[in-house]
Amino acid sequence: MKEIKKVAAIQDLSGIGRCSLTVIIPVLSAMGVQVCPVPTAVLSAHTGYGEFVMHDLTDFMMPVLEHYKKLGVSFDCVYSGFLASSEQIDHCLEFFKAFPNALKLVDPVMGDDGKAYATYTDELCARMSELVAVADIITPNLTEAAILLGEDYPSEPLSKQKAKSWLVRLSDMGAKIVVMTSVPFEGGRIATVGYDKNSGAFWKLNNEYVPAQYSGTGDMFASLLVGGLLCGDDLSVSINRASQFTEHVVRITYECGRPWTEGLMFESELTQLSRPVKIDRCKKM
Ligand code: PXL
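Values in this document were obtained by computation on a predicted structure and should not be read as measured data.

## A few points about the pattern of salt bridges
Reasoning step 1: Within the structure shown, the criterion is met by eleven salt bridges.
Reasoning step 2: Note that Glu130 and Arg127 form a salt bridge whose closest N and O atoms lie 2.8 Å from each other. Placement of the pair is Glu130 and Arg127 together in helix 4 (residues 122–134), with a separation of three residues, close to one helical turn.
Reasoning step 3: Overall, the relative accessible area of 14% leaves Arg127 in the buried class.
Reasoning step 4: The salt bridge involving Glu208 is made with Arg251; its shortest N-O contact spans 2.8 Å. Separated by 43 residues along the polypeptide, Glu208 in the loop between strand 11 (201–206) and helix 7 (217–230) and Arg251 in helix 8 (residues 235–256) bring together distant segments of the chain.
Reasoning step 5: The exposure class assigned to Glu208 is partly exposed, which follows from its relative accessible area of 37%.
Reasoning step 6: Through salt bridges with shared partners, a single network forms among Asp90, Arg127 and Glu130.

## Digging into the sheet that holds strand 8 (residues 137–138)
Reasoning step 1: Taken in spatial order, the ten strands make up an open sheet running 3-2-1-4-5-8-9-10-11-12, and their pairing is mixed. With partners counted over all chains shown, the strands left at the sheet margins are strand 3 (54–56) and strand 12 (283–284), one partner each.
Reasoning step 2: One ladder, built from four bridges, connects strand 4 (residues 77–80) with strand 5 (residues 103–106); its direction is parallel. Paired with Cys77 across the bridge in strand 5 is Leu103.
Reasoning step 3: Across the sheet, helix 3 (residues 87–98) is in contact with strand 1 (6–16), strand 2 (34–45), strand 3, strand 4 and strand 5; its angle to strand 4 comes to roughly 170 degrees.

## Section: the layout of surface pockets
Reasoning step 1: Here the largest pocket is characterised by a volume of approximately 1,300 Å³.
Reasoning step 2: In terms of lining residues, the largest pocket is bounded by 49 residues, among which Asp112, Ser182, Gln213, Tyr214 and Thr217 are the most central.
Reasoning step 3: Elements that contribute at least two residues to the lining of the largest pocket include exactly strand 1, strand 6 (111–112), strand 7 (115–116), helix 5 (142–149), strand 9 (177–184), strand 10 (190–196), helix 7 and helix 8.
Reasoning step 4: Looking at the second largest pocket, its volume works out to about 310 Å³.
Reasoning step 5: Split into classes, the residues belonging to the lining of the second largest pocket amount to five nonpolar, three polar and seven charged.

## Digging into the nonpolar core
Reasoning step 1: Ranked by internal contacts, the top residues of the largest apolar core, which has 49 residues, are Leu83, Phe95, Tyr120 and Met180.
Reasoning step 2: Setting aside chain neighbours within four positions, we find Met180 in contact with Pro140, Asn141, Leu142, Ala145, Ala163, Trp166, Leu167, Leu170, Ala191, Thr192 and Val193.
Reasoning step 3: Grouped together as the second largest cluster of nonpolar side chains are 40 residues, Ala201, Phe221, Ala242 and Cys282 included.

## Side note on helix 2 (residues 58–71)
Reasoning step 1: Those residues of helix 2 lying buried are Thr58, Met61, Val64, Leu65 and Tyr68. For helix 2, the buried positions fall inside an angular range of 100 degrees around the axis, keeping them on one side. Among the exposed residues of helix 2, those oriented more than 90 degrees off its buried face are Asp59 and Lys70.
Reasoning step 2: A positive backbone phi angle near 75 degrees is found at Gly72, which sits one or two residues after helix 2.

## Thoughts on the site of the ligand
Reasoning step 1: Taken together, the neighbourhood of the ligand is formed by Asp12, Ser14, Cys19, Ser20, Leu43, His46, Thr47, Phe82, Tyr117, Gly216 and Asp219.
Reasoning step 2: Here Asp12 contributes a side-chain N or O atom positioned 2.8 Å from a nitrogen atom of the ligand.
Reasoning step 3: The contact in question runs from an oxygen atom of the ligand to an N or O atom on the side chain of Thr47, over 2.6 Å.
Reasoning step 4: Summarising the interface, the protein chains cover 94% of the accessible area of the ligand, which totals 320 Å² for the free molecule.
Reasoning step 5: Most atoms of the ligand, that is more than half of them, are within 2 Å of grid points of the largest pocket.
Reasoning step 6: For the shell around the ligand, the class distribution of residues is four nonpolar, five polar and two charged.

Reading the values: rules and limits
Residues numbered from 1 in each chain as written. Predicted model: local features only at pLDDT ≥ 70, side-chain atom pairs only at ≥ 80, totals over all residues. Heavy atoms only, no water. Salt bridge = Lys/Arg side-chain N within 4 Å of Asp/Glu carboxyl O. Helix = DSSP H or I, 4+ residues; strand = E, 2+ residues; numbered from the N terminus. Buried < 20%, exposed > 50% of the residue type's maximum accessible area, 1.4 Å probe, protein only. Pairing = 2+ DSSP bridges. Contact = heavy atoms within 4.5 Å. Axes fitted to C-alpha atoms, helices over the stretch in contact; angles between N-to-C directions. 1 Å grid on protein atoms, 1.4 Å probe; cavity = no way out; pocket = protein on both sides within 12 Å on 5 of 7 lines; lining within 4 Å. Points joined across faces, edges and corners; volume = space filled by probe spheres on them. Nonpolar A, V, L, I, M, F, W, Y, C, P; charged D, E, K, R; others polar. Core = buried A, V, L, I, M, F, W, Y, C linked by side-chain atoms within 4.5 Å. Arc of directions from axis to C-beta. Near = heavy atom within 4 Å. Polar contact = N/O pair within 3.5 Å; in protein donor to acceptor, adjacent residues only side chain to side chain. Areas by Shrake-Rupley, 256 points an atom, 1.4 Å probe, with all protein chains shown as cover. Sits in = over half its atoms within 2 Å of the grid points.

And the structure:
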């Protein structure tokens, strides 16, 4: 019998503007992985719309966990992302503790372009390091990496040496694998970089330049990355696949000229996820 991997996704459900669960569920499903959503909040639209209604589900999370314990279900991965309150940090820690054999992915969702998201308090940002401490894998963007390290958002592109030092410092906070996205490098390139503490390997993939940024791109990348790892791909293959598909849908969205708030137009492209990765652009750094 074919085994289907199961992921508990602790994330918000936003009605408009593809992000979080509305990206993670279709992407992982297309990769043959089952998503079991643990909603942290329900929003009419993501916070990038400026105006939105949000229903915080902090009090819902522990009853969900108790029910799962009673059912005796197990997960292959527990994946945390957008949180609605600092108490939800404690609830995520309880989820990680309850499923010790699950791969722990912490996407430390906090902000972008050097700014925290509208609903993120200083306390919530400060406490994100508690999740990072117990994670196996973390996937911060540059803004989130800076917040976690207590650094200012870099005003200059990073040198290779500085990127490596940030990756090591982030992994020293707990996770064995760190993948940092949207890193501007000297020479004008944006890259995705990774570090595997066990092997000591650093990875770098130069991203194709598109002059636009779309909501939910980080969620797309992180779910593709973990989908690859759960299906048995190694880190460099997973980074390669995640970047390649993300770039493809960014390009399509850009060509259609849609507003950034609507997110990535990935729906018609999901069938491509079952194809083998064509090129190996992820290189040792
Ligand atoms: O993609 C990150 C994200 C997730 N969820 C909500 C958001 C954002 C980023 O703006 O607002 C609700």
